[in-house]
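What the coordinates show
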Amino acid sequence: MRYFSFVYPTLAILLWAGNVVVSRLSAHVIGPQAITFYRLALAVILLSSFVAAPAWRDRAIFWRHLGQLAVLGFLAMCLFQSLSYLAAETTGATNMAVFTALVPLLTVALSILILGEAPTTGLVFGGILSLGGILYLVSGGEPRQIFRNGVHAGDLLMLIAATIYALYGILLKKWNVGLPGWQSTYGQALCALAIMFPAFLATPPELRQLDARTLPLIGYAGAFASVLLPFLWIRGVEKLGPSRCSIFMNLLPVFTAAIAFLLLGEPIRLYHLLGGVTILAGVACAQVFSRPLAREAAGSRGETR
C-alpha cells in the first residue's frame, strides 16, 4: 500500500502534462485571457460545492489575508496561466513542459533572494547545467543560432511564467495565511476570477466564444487541471512529503512529449532529449546537493592550511 502513494503525484503530473497540451490546442482558438477566465469560473463553481461552507465559517481569516490571497491568485492563476497560453502560440508543448520543470530550481534560487537562505553547491552547479540545457534546447541544438536568430517569444514567456510560479511558491510558504489547502486555493481562485474579469471583457468577442472547439479545452482546464490535479497533488504531499513529491516534476516533460506526439504530431528530436535531460539534471542537482556553498568554501580553506 505504501507504493500506492506514488500514484497521486504521478497522476497529478499526467494531468499537468495534459494541461500543457490543452494550452497548445487553445492557441489561436481562444484568447489567453478568455480561457483563463473561463477555467477560473468553472473551478470556482466546482470548488464551491464542497469548500464554500467551511470557507464561510473561516471568513474572518479570509478578510484578514485578502490582500495576500489576491497576490497569490494573481501570480499563479492569472499571470502564470495567461503567459502559458500566450507562449503556446509560438512554442511547442515539449518546450513548455521543460521550462515548467525548472520551477524547483528557480524556487531554490528565489529562496536565496527573498528568504535569505544560503546558496548551495547544487544550486550553483545545477544552475549552470540547466542554463546550458536551456540554450541548447531553445536553439534547436545549435547554440550559435541564438546570436543570429534570437529565441522564440514563447520560450522566453515560459521562462518568465516558471519564475512567476516559483515566486508564488515562495510567497505561499512565507505568508502562511493560516487556511486549509482547499480554502486557500478557493480564496485565491475567487480573487483571480475578479482580477481577470476586466481582461476578459477587453478580449475581442471572436476570441472568447464558447463553441465545440473551446468547451472541451475549458472543461479540462477548469475541472481536471484546476480541481482534480490539486487534490491529487495535496494527497501526494500528505503521503510522501513536499520534497519527494517535487521530484515527480521531472516527469512532466516526458509525459508532455508523449501526449504531444500522439495528439499534436509534435516530433521528438534529439535536441529535445539532450537539452531536456541536461536541464532536468541541473534541477535534480539543485535538489539533491543542498550543502551551503559557504560551508564548502570554508572547508576548502581549512584543508589548505
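The structure under discussion appears in the preceding block.
A brief report on the enclosed structure follows. If you're wondering where the values come from, they're calculated on a predicted model, not measured in any experiment.

Our focus in this paragraph is the environment of Arg 24. When you line up the elements, Arg 24 lands in helix α1 (residues 7-26). Between the alpha carbons of Arg 24 and Ser 48 there is a distance of 29 Å; along the sequence they are 24 residues apart.

At a closest axis distance of 8 Å, the pairing of helix α5 (residues 93-100) and helix α13 (residues 252-263) adopts a crossing angle of 170°. Regarding the angle of α5 to α13, the classification is roughly antiparallel. Residue-level contacts link Ala 93, Thr 94, Ala 97, Val 98 and Thr 100 of α5 to Leu 252, Pro 253, Thr 256, Ala 257 and Ala 260 of α13. Residue classes in the contact of α5 with α13 are distributed as seven nonpolar, three polar and no charged.

Let's shift gears to the nonpolar core. Soluble, globular proteins show a tendency: their nonpolar side chains are buried together. Judged by nonpolar contacts, the single largest core of 84 residues is most densely connected at Trp 16, Tyr 38, Leu 40, Phe 99 and Leu 102. Contact partners of Trp 16, with chain neighbours within four places excluded, come to Thr 100, Tyr 165, Leu 229, Met 249 and Leu 252.

On to a nonpolar patch on the surface, then. Judged by side-chain polarity, Phe 261, Leu 262, Leu 263, Ile 268, Leu 270, Leu 273 and Leu 274 come together as a nonpolar surface patch covering roughly 740 Å² of accessible area. Taken together, the elements giving at least two residues each to the nonpolar patch come down to α13 and α14 (270-288). Here Leu 270 is to be found in helix α14.

Parameters and conventions
- Residues numbered from 1 in each chain as written.
- Predicted model: local features only at pLDDT ≥ 70, side-chain atom pairs only at ≥ 80, totals over all residues.
- Heavy atoms only, no water.
- Helix = DSSP H or I, 4+ residues; strand = E, 2+ residues; numbered from the N terminus.
- Axes fitted to C-alpha atoms, helices over the stretch in contact; angles between N-to-C directions.
- Parallel < 35°, antiparallel > 145°, perpendicular 65-115°, else oblique.
- Contact = heavy atoms within 4.5 Å.
- Nonpolar A, V, L, I, M, F, W, Y, C, P; charged D, E, K, R; others polar.
- Core = buried A, V, L, I, M, F, W, Y, C linked by side-chain atoms within 4.5 Å.
- Buried < 20%, exposed > 50% of the residue type's maximum accessible area, 1.4 Å probe, protein only.
- Patch = residues over 30% accessible without salt bridge, like charges linked within 9 Å, V, L, I, M, F, W, Y side chains within 5 Å.
- Areas by Shrake-Rupley, 256 points an atom, 1.4 Å probe, with all protein chains shown as cover.
- Salt bridge = Lys/Arg side-chain N within 4 Å of Asp/Glu carboxyl O.

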